[in-house]
Amino acid sequence: MNVTVYSKPGCQQCKFTCLSLDHAGILYEVVDLTSNTAALEYVQDLGYSQAPVVI
């Protein structure tokens, strides 16, 4: 299973989400919503308006 964390730079919730995943030993990929417009549109289409979003 692939885990993706959609985040923004400087986001404390994003930082702690990644730390929690690290602590649990879960591998994940981080996608920066501020530099990837396709990812931002995808997350918004899912109904989210805040980061982080973990899929």
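Let us look at the structure shown here. Quantities reported herein were computed from a predicted structural model and do not represent experimental measurements.

1. Things to note about the packing of aromatic side chains
Alright, step 1. Per the stated rule, a full pass over the model turns up one aromatic pair.
Alright, step 2. An angle of 50 degrees between the planes, with centres 5.9 Å apart, marks the rings of tyrosine 6 and tyrosine 42 as tilted. With tyrosine 6 in strand E1 (residues 4-7) and tyrosine 42 in helix H2 (residues 37-45), this pair connects stretches of sequence that are 36 residues apart.
Alright, step 3. A relative accessible area of 12% means that tyrosine 6 is categorised as buried.
Alright, step 4. Given the relative accessible area of 37%, tyrosine 42 is considered partly exposed.
Alright, step 5. Between the NZ or CZ atom of lysine 15 and the centre of the ring of phenylalanine 16, over which it lies, the distance is 5.8 Å.

2. Considerations on the pairing of strand E2 (residues 29-32)
Alright, step 1. Pairing between E1 and E2: four bridges, direction parallel. Bridge pairing links valine 5 to valine 30 in E2.
Alright, step 2. Handedness of the crossover joining E1 and E2 through helix H1 (residues 12-24) is recorded here as right-handed.

3. As for the nonpolar core
In summary, soluble globular proteins display a tendency toward joint burial of nonpolar side chains.
Alright, step 1. Within the largest apolar cluster, nine residues are counted, these being Tyr6, Cys11, Cys14, Val31, Leu33, Ala39, Val43, Ala51 and Val53.
Alright, step 2. Sequence-distant contacts of tyrosine 6, that is, excluding residues within four places in its chain, are made with Val31, Leu33, Ala39, Tyr42, Val43, Ala51, Pro52, Val53 and Ile55.

What counts, and at which threshold
Residues numbered from 1 in each chain as written. Predicted model: local features only at pLDDT ≥ 70, side-chain atom pairs only at ≥ 80, totals over all residues. Heavy atoms only, no water. Phe/Tyr/Trp six-rings, centres within 6.5 Å; stacked < 30°, edge-to-face > 60°. Helix = DSSP H or I, 4+ residues; strand = E, 2+ residues; numbered from the N terminus. Buried < 20%, exposed > 50% of the residue type's maximum accessible area, 1.4 Å probe, protein only. Lys NZ or Arg CZ within 6 Å of the ring centre and 35° of its normal. Pairing = 2+ DSSP bridges. Right-handed = clockwise from strand over helix to strand, strands pointing away. Core = buried A, V, L, I, M, F, W, Y, C linked by side-chain atoms within 4.5 Å. Contact = heavy atoms within 4.5 Å.

The analysis is restricted to geometry; functional conclusions fall outside its scope.
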